[in-house]
Amino acid sequence: MSIFDRREFVRLCAAFGAFFAPAAPGQDVPAPPVSRVPVKNRKDLVGIQVRGFSWVDEGVDAVLDNIQDKGDVNTVWAYTFSYGEQRLEKNGPIPLPDHGKPGNTIAGGAFYDYDRKYFQNTILKDFRCKVYGDFNVIEAVASKAKARGMSFFAWDLNNAGPTLNDTIPNYAEVSEVDLYGRGTNRPCFNNPDYRAFLSGKVESLLLGYPSEIDGIAWGSERMGPFENMIGGITTPSCFCGFCQAKARALGISVGRAQSGYRELEQLFLAAARNQRPSDGYFVSFWRLLLKYPEILSWESLWTDSFQEAQAQLYGMAKAIAPAKPFGFHIMQTMTFSPFYRAEEDYAKRRNFADFLKLATYNTAGGARMAKYLRRLSDTVFHDATPPEFLDFYYKIMGYHEAPYDQLAGSGLSADYVARQTRQAVEGVAGEVQIYPGIDINVPTLLKGDAPVKHSTPATVRASIEAAFSAGADGVVLAREYAEMQLANLSAAGDALRERLVQAKS
Ligand SMILES: [Zn+2]
């Protein structure tokens, strides 16, 4: 099939809500299926992510008061779907700030009512969360936000999590299968039922709530099998029937990919036991890639499938509501992992995003980066310790940050926010709006001996100034309103208002 035919096919597929043809590993993600229509993105968007329980516990008006008056927010990112949100406890791992109610209820699924007709092509039909009774976040919040001059975005976050396998009928059926044939709690992006479920959600939002929804922010913090092994999160996946069939169609040997990942797992297990191969860890790692290039082929198969799914959703959203912004959350691994960064190419994103929200959480980022460096040292770079390769790592990533033993305590600088913002702005070349995430009490969830840096009004202000000085088109106050100390939220609002005053004068 020629490039032209392929794009035509993709266009037709998206128009009818079908799936993209598989892209070969390394092949570009398909171009958008419809011509780009200017979207009415707000100038200087100021978004904020709001959990379902915040509206329920604090009241819609009170939350809107806080985010608008204190935070100067002009666009609500309300969770319309959660993989499992949990209220905060006073002394919990993520402490309850100076607002909200404590609790430990877990709520996953949709926080809005949807028409089942959008889910005819999937076995995932029943995912309405009832933990908050009949609370419908779109009906409860959208009109009130608009009455205040704010926009209302649906925040559709599709992370993996253990909750949904138990609460959504058939959810376990669409999960990835790991190297050993075991099911997981991570849905597979090559599973037609999961893809139809994701498409159905976008349809149900844009067609079901045409006057309420002003835009959609879509997210899924997921990584391929190789990246997951370095991240220390899971055994490699996915090896389900759909992924195997797609690999075969692309000429990738399933058996050799499985053998390669088994041997890679053995190498990392040897590293965990400090059983150094005679040639060392990195040379042995590279030798494995030479012996089994299928390791990287399978990683690309996963990443391409993940990005295809997002391109398909974007194409569908543009076909339904071309003027409504549809964009994506980019997880913070993008800023830590040179491997993930190579997979997530901003130039490609120009084809299928109106905006990108970057998880540039600098205060929590020190502890998070230190953890990632330890994982590198536990796996591919086990020949050295994090302090030994830190300078080289900073060179690769373009950072000037603290020494390793001070990272968690000092956090990352505002310069980190500026560098990430600038890189994204240059990468998308003006075709996609860039919204850095501003760290306001983002937790690290790290237990350790090193003290962890916490947000202050000064860190919040510095991050906002860094983001805009680097060319940001807006910011998203992050992660969650529920986690933020109100003084820090106010500091964000003060900095944003001052910026506006300065811009006018
Ligand atoms: Zn699969």
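Residues numbered from 1 in each chain as written. Predicted model: local features only at pLDDT ≥ 70, side-chain atom pairs only at ≥ 80, totals over all residues.

Participant: Lay out the overall build of the protein in plain terms, naming residues and giving numbers.
Facilitator: A count of helical and extended segments in the protein gives 20 helices and 11 strands. Expressed as lengths along the three principal axes of its C-alpha atoms, the size of the protein is roughly 65 × 55 × 45 Å. Scored against the burial criterion, the 505 residues of the protein give a buried share of 51%. Residue pairs at least 24 apart in sequence account for 80% of intrachain contacts in the protein once pairs closer than 6 positions are excluded. (Helix = DSSP H or I, 4+ residues; strand = E, 2+ residues; numbered from the N terminus. Buried ≥ 20, exposed ≤ 12 C-beta atoms within 10 Å, placed from the backbone. Contact = placed C-beta atoms within 7 Å.)

Participant: Pulling in residues and values, what's your account of the pairing of strand β9 (residues 355–358)?
Facilitator: Burial along β9 is two-sided: the face carrying F355 and K357 and the face carrying L356 and L358 are both buried. As defined by bridge partners, strand β8 (residues 326–330) adjoins β9 across 3 bridges and the pair is classed as parallel. Bridge assignment links I330 to a residue of β9, and that residue is L358. Examined bridge by bridge, β9 and strand β10 (residues 433–439) share 4 bridges and lie parallel to one another. Each residue of the ladder has a partner; that of K357, found in β10, is Y435. (Pairing = 2+ DSSP bridges.)

Participant: Now, about helix α18 (residues 414–428): what can you tell me, with residues and values included?
Facilitator: Its 15 residues give α18 an end-to-end C-alpha distance of 21 Å, which sits within 8% of 21 Å, the value for a rise of 1.5 Å per residue. For α18, the full list of buried residues reads A414, Y416, V417, A418, R419, Q420, T421, A424 and V428. Here the buried face of α18 lies against α12 (333–336), α14 (346–349), β9, α15 (362–378), β10 and α19 (457–469). Phi for A429, located one or two positions after α18, is positive at around 50°. (Expected span 1.5 Å × (residues − 1).)

Participant: Account for the nonpolar core, with residues named and values stated.
Facilitator: One finds V76, A78, I216, L356, I438 and A492 to be the most contacted residues of the largest nonpolar core, which totals 145 residues. In terms of residues, this core owes the most to one element, helix α11 (residues 294–320), which gives 10 residues. Setting aside chain neighbours within four positions, we find I216 in contact with F153, A154, D156, V202, L205, A317 and F326. (Core = buried A, V, L, I, M, F, W, Y, C linked by C-beta atoms within 7 Å.)

Participant: Give me the lowdown on unusual backbone geometry, citing residues and values where you can.
Facilitator: Following S237, the chain continues into C238 via a peptide bond in cis, with omega recorded as 15°. Cis geometry is adopted by the peptide bond preceding R479, which originates at A478 and carries an omega value of -5°. Its identity is not glycine, yet N274 carries a phi of approximately 55°, on the positive side. Structurally, the position occupied by N274 is in the loop between α9 (254–272) and α10 (281–291). Judged by the 8 C-beta atoms lying within 10 Å of it, N274 is exposed.

Participant: Break down helix α8 (residues 241–249) for me, with residues and values.
Facilitator: Burial in α8 covers these residues: F242, C243 and A247. What you see down the axis of α8 is that its buried residues fit within an arc of 135°, all on one side. When the buried face of α8 is taken as reference, the exposed residues oriented beyond 90 degrees from it are G241, R248 and A249. Lining the buried residues of α8 we find α9 and α11. Positive phi shows up at G251, right after α8, with a value of about 80°. (Arc of directions from axis to C-beta.)

Participant: Could you give an account of the confidence of the model for the protein, naming the residues involved and the relevant values?
Facilitator: Chain-level pLDDT for the protein is 91 on average; 90% of the residues reach the 70-or-more range. Across residues 1–26 the pLDDT falls below 50, and counting only partners more than four positions away or on other chains, this stretch makes 42 contacts in the model. Counting interchain partners and residues more than four positions distant, the pLDDT-below-50 stretch residues 29–35 has 29 contacts. (pLDDT = per-residue confidence, 0-100.)

Participant: Please set out the packing of α15 against helix α16 (residues 386–397) residue by residue, giving values where relevant.
Facilitator: Contact geometry of α15 with α16 gives a least axis separation of 10 Å together with a crossing angle of 110°. The pairing of α15 with α16 is recorded here as roughly perpendicular in orientation. Mapping the contact onto sequence places L373, R374 and S377 in α15 and P386, L390 and Y393 in α16. Looking at side-chain class alone, the contact of α15 with α16 contains 4 nonpolar, 1 polar and 1 charged residues. (Axes fitted to C-alpha atoms, helices over the stretch in contact; angles between N-to-C directions. Parallel < 35°, antiparallel > 145°, perpendicular 65-115°, else oblique. Nonpolar A, V, L, I, M, F, W, Y, C, P; charged D, E, K, R; others polar.)

Participant: Please give an account of the pairing of strand β3 (residues 106–110) that cites residues and values.
Facilitator: Two faces belong to every sheet, and in a regular strand the side chains alternate between them. With 4 of 5 residues buried, β3 is to be regarded as a mostly interior element. As paired strands, strand β2 (residues 75–86) and β3 are joined by 4 bridges and run antiparallel to one another. Bridged to E85 within β3 is A107.

Participant: Describe the packing of helix α3 (residues 60–70) against helix α4 (residues 137–147), listing the residues and the values that go with them.
Facilitator: At a closest axis distance of 10 Å, the pairing of α3 and α4 adopts a crossing angle of 45°. Between α3 and α4, the interaxial angle falls into the category oblique. Classified by chirality, the crossing of α4 by α3 is right-handed. Residues V60, D61 and L64 of α3 form the contact with α4, whose participating residues are A140, V141, K144 and A145. Split by residue class, the contact of α3 with α4 holds 5 nonpolar, no polar and 2 charged. (Left-handed = near helix turned anticlockwise from the far one by under 90°.)

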